[in-house]
Amino acid sequence: MTGGTHIVALIVAAGKGERAGGDLPKQYRMIGGQSVLAHAVDAFLRHPVIDEVQVVIGAGQDELYRTAIGDRPLQKPVIGGATRRESVQRGLGAIAKASHVLIHDAARPFVSGVVIDRLVAALDDRPGAIPALPVADTLARAGDALGDVVPRDGLVRVQTPQAFRFDAILAAHNVWPEGQDATDDAQIARAAGHAVAIVAGDPALDKITFGEDVMTAEDRLAARMISRTGLGFDVHAFSDGAELWLGGLRIDHPRGLAGHSDADVALHAITDALLGAVGDGDIGSHFPPSDAQWRGAASSRFVDHARDLIAARGGIIDHVDLTIICEAPKIGPHRDSIRARVAGLLRVPEARVSIKATTTERLGFTGRGEGIAAQAVATVRVPADL
Ligand code: CTP
Ligand code: MG
């Protein structure tokens, strides 16, 4: 597709997930430590052709949404309707600007970049494009007519994302009879006379519908990921008159740390551990101290960068373990708030962050109170072919 496009991913996540059961609607269940919805969102965020991501959530799901999404850069969520079709229509109505839209079920967490590429390429010739797979199993009618086998020639299993020229699908939804349901958007586009291309789908795109599908998705993810470990270490000297930043928080203390940025020794160790886990240099190679733009910079930006770099490779941060080494300040009173802050920066639940502290029994430079050292270990899962 040539320039001048503005492609929006519209993810519908307003369902109740009744068939899947469980305590939470399925789009908020965790797979590999991220919600099903976050997996879908990240797949679009990391694809260069996608300009914006808009999510449709159910009424009363704001808190679940916030927890699942954190501070990912998305459009403000809109509230869906009683059916999937209504949710899509409300989502389309909230999009201010788009040349094309990819409409996707949150319940399909694994969207490969290749499928997005195929869909977008197909839009060059048609107003719509959908991914589909051949039907392999025998199909038969259940109930009284059991045994009445349905010929599967010409049948396909239709998946999402489904891609459309924005104006075409918006108009098609707006003329669709109120109250009539539709199971996908291609049906609505075709009813309005638009041709829809079929591109090759992906078994990994299968929808989570029943309880056991969550397990299958977990297995699917586990099978293509390997674990990597990174180690980070940093030291900064105390300096009078500086503020003390530790773990992304300003700590009340008579002395702060000297450094080019805010000298947050803990976040520097974490950043290096994350970079180490994906074998991508160190904090100095990404943010050279010679570059004036990092003077006084908040070190949270370094963590953001390392986290985004891992997400862009389809990685998952499983765990970060940090040790802060100093005589003072006492870390204990700040431990919980640092943990919450670091977990927020990493966009992982707090249970996957550990904050520890130790002194060096008054030995060495930390023992003499000349500075603070920090070390961190990050455990990250990355696609096996990385
Ligand atoms: N969906 C939606 N609004 C609805 C119903 C469904 O946004 N009123 C979304 C779901 O969140 C899901 C996708 O549409 O991402 C596909 O629907 P489905 O698999 O049927 O999900 P649920 O409706 O949540 O599940 P169930 O039908 O088992 O209750
Ligand atoms: Mg449903």
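All values derive from a computational prediction rather than experimental measurement. (Residues numbered from 1 in each chain as written. Chains lettered and ligands numbered in written order. Predicted model: local features only at pLDDT ≥ 70, side-chain atom pairs only at ≥ 80, totals over all residues. Heavy atoms only, no water.)

1. Description of the packing of helix α10 (residues 300-312) against helix α11 (residues 335-346)
At their nearest, the axes of α10 and α11 sit 9 Å apart, and the two run at 45° to each other. As summarised for this structure, α10 and α11 are arranged oblique, according to the angle between their axes. Contacts between α10 and α11 involve Ser300, Val303, Asp304 and Arg307 on the former and, on the latter, Arg341, Leu345 and Leu346. Taken together, the residues that form the contact of α10 with α11 break down as three nonpolar, one polar and three charged. (Axes fitted to C-alpha atoms, helices over the stretch in contact; angles between N-to-C directions. Helix = DSSP H or I, 4+ residues; strand = E, 2+ residues; numbered from the N terminus. Parallel < 35°, antiparallel > 145°, perpendicular 65-115°, else oblique. Contact = heavy atoms within 4.5 Å. Nonpolar A, V, L, I, M, F, W, Y, C, P; charged D, E, K, R; others polar.)

2. Comments concerning the domain arrangement of the protein
The domain architecture assigned to the protein consists of domain 1 (7-223) and domain 2 (225-383). Taking only C-alpha atoms, the centre of domain 1 and the centre of domain 2 are 38 Å apart. In this complex, domain 1 contributes twelve residues to the contact, which on the side of domain 2 involves ten residues. Interface of domain 1 and domain 2: buried area, both sides summed, is about 890 Å²; carbon and sulfur atoms make up 46% of it. Contact with domain 2 buries surface across domain 1, with Arg46, Asp71 and Leu221 losing the most and accounting together for 40% of the total. Applying the counting criterion to the domain 1 and domain 2 interface returns one salt bridge. Measuring nitrogen to oxygen at the nearest pair gives 2.5 Å for the salt bridge that ties arginine 347 to aspartate 71. Inspection of the region where domain 1 meets domain 2 yields four residue pairs in polar contact (both at pLDDT 80 or more). No other element matches the three residues that helix α7 (residues 211-223) contributes to the side of domain 1 that touches domain 2. Its residues placed into classes, the side of domain 1 that touches domain 2 shows five nonpolar, four polar and three charged. (Domains from an automatic or database assignment. Buried area = accessible area lost by both parts, 1.4 Å probe. Salt bridge = Lys/Arg side-chain N within 4 Å of Asp/Glu carboxyl O. Polar contact = N/O pair within 3.5 Å; in protein donor to acceptor, adjacent residues only side chain to side chain.)

3. Things to note about the site of ligand 1
Around ligand 1 sit 19 residues in total, of which Gly17, Glu18, Lys26, Ser87 and Lys207 are the nearest. Measuring from a nitrogen atom of ligand 1, one finds a backbone N or O atom of threonine 83 at 3.3 Å. In this structure, lysine 207 approaches ligand 1 through a side-chain N or O atom, which is 2.6 Å from an oxygen atom. A total of 560 Å² of accessible area belongs to ligand 1 in isolation, and the protein chains cover 88% of it. (Near = heavy atom within 4 Å. Areas by Shrake-Rupley, 256 points an atom, 1.4 Å probe, with all protein chains shown as cover.)

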